[in-house]
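A closer look at the structure
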Amino acid sequence: MWVKPQEVFLKTAMWDSDETTLYFVLQRRKGHGKSRGLSSLLVGTLDSVRDSKPAPYRILHQTPNSEIYYVIATALSEKEIRQDWQWLADHVSATLHSFDKEEDVTEFVCCKINSIIATEQENFTEDEDTLMYKNVANEFHQKFGMPNDEKLVCYYSCSYWKGKMPRQGWIYLSVHYMCFYSYIFGRKTTIKIRWADVTELVKTDSLLFPDSIKVVTRDGEHYFTLFLKKNETFALMQQLANIAMKQLIDDKSGSFNIDKDLLTKLSKNVPKKASFLKRDLDAKKQSNLYTLRFRLPQTEKLDGTEMCTLWTPYNKRENWGRLYLSQNFICFDSRISNLVRLTIPLRNVHQVERADSGGTGSSGDSGSILITTAHHTSFLFGNISDREFLVNKISELLAKLPNDMYREKPTRAVARFEEGREWTSQPPLMTLFKTNQTSSIKQIQQKKEKNWEDHMSEVGRGVSMYQTTDGSELVVKGIPESLRGELWSVFSGSILQRIQNKGLYEKLVNEALASKNPVNDEIERDLHRSLPEHPAFQNDVGISALRRVLCAYALKNPTIGYCQAMNIVASVLLIYCPEEQAFWLLATICETLLPDYYNTRVIGALVDQGVLEELAKKHLPELHAKLDELGVMKMISLSWFLTLFISVMSYECAVNVMDCFFYDGAKVIFQVTLTILEINKENLLKCTEDGQAMQILSDYLEGIYNDEAMALSTEPRTAKRTIKIQDLVYQSYRTFGGKVTSECIEHLGLTHRLRVVRQLEDSLERNTLRALQQDKLLELNELQELLSAIREELLWAQRVPCERLEAPYEAYRLDYAQFKTLFMALSPWAKGYMGEIITARIFKVVQGESSGQASARGLSVAVGASARGEPARRLRLLYCAHAPPLLAPADLPRYTTTGEELAADAIHFFDSMDNLSPTDSASSPSLQHSVSDVCCDGDQMDKSGESSSSQSAAASAVRAFAVGGAAGAGAGAAPGTPGCGPGAAPPLPRDHFLQLLAALHDLTQHDPHLYDAVVRAGTLLLQLGELNYRPELDREVSQDSLYLAAAEKQSIVDPNGNMTELDQDTAQSSPTKENEPSTDGEWSITFEQFLATMLAQDPIENFFSEQVPILPQLEALRQRNR
């Protein structure tokens, strides 16, 4: 790579010269390539600890009488620098001899190099990464054997504590790995940790490891210290670990895509980062915080921010804060927390104009802009440092807007009755099932409505209303029932999703109601358990609306589908909101406000359970110690958090908590929980058992009341009153509002997510290992390494373990490419030239019928049986891999000869083998090719599948028979399932049997005696199969003689494939009708015939009895470079 000429005064310091001409020198950095010695150790050590990372190859320009040299090219590889060297020799060197002065030579060379660089940069906008970063990335891939697609994010100088001494070096943070490298005078230290294996990531400051970052994995602890940018490094570590955990939870939410728009967007005062990926991750982090703060769609990307003031007309003041710009919104948040917050959809912006400084109460001389919406509302922003840039930026974003995405004026939602559909969207159920409120409650509600109407007349209504401290106080006191649905949608941001996805709910409902699936059945079972005391859900109107909301959401987000507790939350939403509005509120809760809560593993709730314990330990240490001793902390959080307190207190009280939850987010749940624990502290400390503590909390929660709302329940409240819900909420804000912040919860959540996900993974792994041990094929340590290899493959494929499965091993599912990688690396059957073909056929045996993927048990059985199984079990697996319908006609060769000619030629071929010596048969190339020629290109998988149920049942029977005692490893059948007996293996037709012989030839060709035994057995089986097709051959062969030849071992195979000794008379008897081949004129070989004939040959039995270790292959698989 050509670089702008730079002067250097010493050409040999730290460099070795490989080639030298009159005007150019090709050099290699000491410590690279073949250079050795003390100087190489010194240079390698300096490069390891210094911040600069020079490229290992360079070209210098020199003149004979000058002491100054110029660097004109650098490269990461010798091949690249050689290309530049050759170009100089072809295009420049000859010209230089025509110059008389050395100064002219140097000037010509520098101008030539500069012109090349200028030409290359004509169409160049901005490079993603700096040259130094590319050098470091190249070193990263070489030192740690990383695949080319593994992206380095950033690197930092630090020390690693190895024993009692720190090793100075560099820590490299990539998308999937954290690595450390140190090279001190020939001593190399290398560490490679996958983010998905990290269980704890904390800052420490102990006497032994001062000012360090501790990284804990299942294999041990690692301490890193002496960071120049410790906080930045730790924050990036947390972010990358969090991405890895999300990939383990859900491959979609954890997917990583680089945003190339960062390269071309209009920006100002953005510091250049060495790594574009680091810049992209920082941008993603800021965008996530931005969307959470303003309750925006998760797809929104923050474009930039600007310090400015916002003029608020309701109090005629300027408020300092920060302006946020994204593709679809302009937002403002005051410097003083919760003073004022504003969201303006860009689609509603009608005009952006420059306002005069000092106007409308502005006191400064800085530029101001006035933004007017289509609703004739104006917003004045002042004290902007660069008004022209901001106006141009807003204009650019407005020009990119799609058509009519957010243009809808928010009003009170009413039910819309549309014709032409079988169902009707319901209004808030409280309007259909009214109660006779007492006069006092009615007056309270009317007063609340009046206060809110007065407030909204000043601050506005809908998405763009000013959210102020006065509004916060009104929320804490409780939102009036008539406005609850509207304000919930505004505060949560669900109104934006509803407007953005017009018509989606109706489409989802129609599709969901027309389909039948297990999720819908699960929803149906829970419909009548959802708030049964409410009249609306004692009626088909409420039940039908709840069914539509839950089924539509299960279809919208199949990753979550349906989880218990969603029905309870959705029921309350339907009471106060129109049906479609309730649907989008539920989506916002599940995906934004409480992510990862509502799935089969409730990971989000488990993470927040750990966060609650941490907060209780900090703010209520004595009580936390007591509850932890009793085991109560883990019992209360799940039920309280999942249902937003609806299941533990009356819902007319719980909705007040939900008011604050939609306004302030998840922090409210923690505040209220801590307040309840603090109020009951004295009683809880006296408890001696968990049941007593739970009863105290249950009685207290049941006694919470709300005098400002009418209970719609038909059942009277009998619990003793404890506290008014408004007082409880107010006390929670007063006591813990400033201590429990959203930032604190997010920080603690990152820490506990690592622990929770790892615990779930370990639990799944333990259950899977217990299930795999039942097959008795591989040892526990081998199964552990095999499972690690499977998990590694899934992580590289960015897939996660599945959920909602009956058997734990079914969670790890491998497609054919992943199965092929592991099986060919571990199985002794996949080493020959037919290894890929055999692998494809074994995969068909162990794959699931519906998924088309193999489970962990399927791979374990395939590898274990091929390496450790008894001879009969191995041969059974091979036989079934070549049996119809698993080996489909599409996988068979298409012959040009007739069937009779093929059979005769095959018999003649195998007969000729008897006349060859073992050495000849093993060494003849034509012999090997003749057998392999009958095998088709078996690596093409049959994608069509079987349409008829009979063939599907036949395939299931063959799969179950193939794995024997491990029945169901692929198809999901259990041992003892009907159809798993010996009779389930169909006879092999001629073409299928030739494929099986070709596979056996490939497995045994390395040993002449073994190969000769396969030839003899194959000859007998071909002759036996020919009897069914042509009973009268011109040779003296009978069924009895063939059976007697096969029974020389005096043994027979029982229905389970086990060898049992027989007496001489029994062994010499003729075959029974049960085992007799069919006489309908078709060529065929039964499994019993195949097994008895093969095991009659001692070399074959010994070969299939050999116990092949797989731990070395597993270790090599773990150490391989991708």
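The coordinates are above.
Residues numbered from 1 in each chain as written. Predicted model: local features only at pLDDT ≥ 70, side-chain atom pairs only at ≥ 80, totals over all residues. Heavy atoms only, no water.

In this structure, the second largest pocket spans a volume of roughly 1000 Å³. Contributing elements (two or more residues each) for the lining of the second largest pocket: β9 (187–194), β12 (220–225), α28 (780–796) and α43 (1111–1119). Of the residues belonging to the lining of the second largest pocket, the class tally is twelve nonpolar, nine polar and 13 charged. (1 Å grid on protein atoms, 1.4 Å probe; cavity = no way out; pocket = protein on both sides within 12 Å on 5 of 7 lines; lining within 4 Å. Points joined across faces, edges and corners; volume = space filled by probe spheres on them. Helix = DSSP H or I, 4+ residues; strand = E, 2+ residues; numbered from the N terminus. Nonpolar A, V, L, I, M, F, W, Y, C, P; charged D, E, K, R; others polar.)

Strands sit in the order β17-β18-β19-β13-β14-β15-β16-β20 across an open sheet of eight strands; the sheet is antiparallel. Each end of this open sheet is capped by a strand with a single partner; those strands are β17 (349–355) and β20 (467–468). Bridge count between strand β18 (residues 367–373) and strand β19 (residues 378–384): five bridges; the pairing is antiparallel. When the sheet's bridge partners are listed, I369 is paired in β19 with F381. (Pairing = 2+ DSSP bridges.)

This model, assessed by the stated rule, comprises 37 salt bridges. Between R548 and E579 there is a salt bridge whose closest N-O contact spans 2.8 Å. Of this pair, R548 sits in helix α16 (residues 540–556) while E579 sits in helix α18 (residues 579–593), and the two are 31 residues apart along the sequence. Both residues of the pair, R548 and E579, belong to the buried class. In this structure, R791 engages E765 in a salt bridge whose closest nitrogen and oxygen atoms are separated by 3.2 Å. Here E765 lies in helix α27 (residues 742–773) and R791 lies in helix α28, a separation of 26 residues in the sequence. Each member of the pair R791 and E765 is classed as buried. When salt bridges with common partners are traced through the structure, they connect D197, R218, R758, D762, E765 and R791 into a single cluster. (Salt bridge = Lys/Arg side-chain N within 4 Å of Asp/Glu carboxyl O. Buried < 20%, exposed > 50% of the residue type's maximum accessible area, 1.4 Å probe, protein only.)

This next bit is on the environment of Q784. Relative to the helices and strands, Q784 is located in helix α28. The spatial distance from the C-alpha of Q784 to the C-alpha of R766 is 9.2 Å, given a sequence separation of 18 residues.

With that out of the way, let us pick up the nonpolar core. Within the largest apolar cluster, 139 residues are counted, with the highest numbers of intra-cluster contacts made by F381, W488 and Y598. Sort the elements by how many residues they give to this core and helix α22 (residues 651–664) lands first, with ten residues. Core analysis: the second largest hydrophobic core is formed by 83 residues, L794, A856, F993 and L1117 among them. (Core = buried A, V, L, I, M, F, W, Y, C linked by side-chain atoms within 4.5 Å.)

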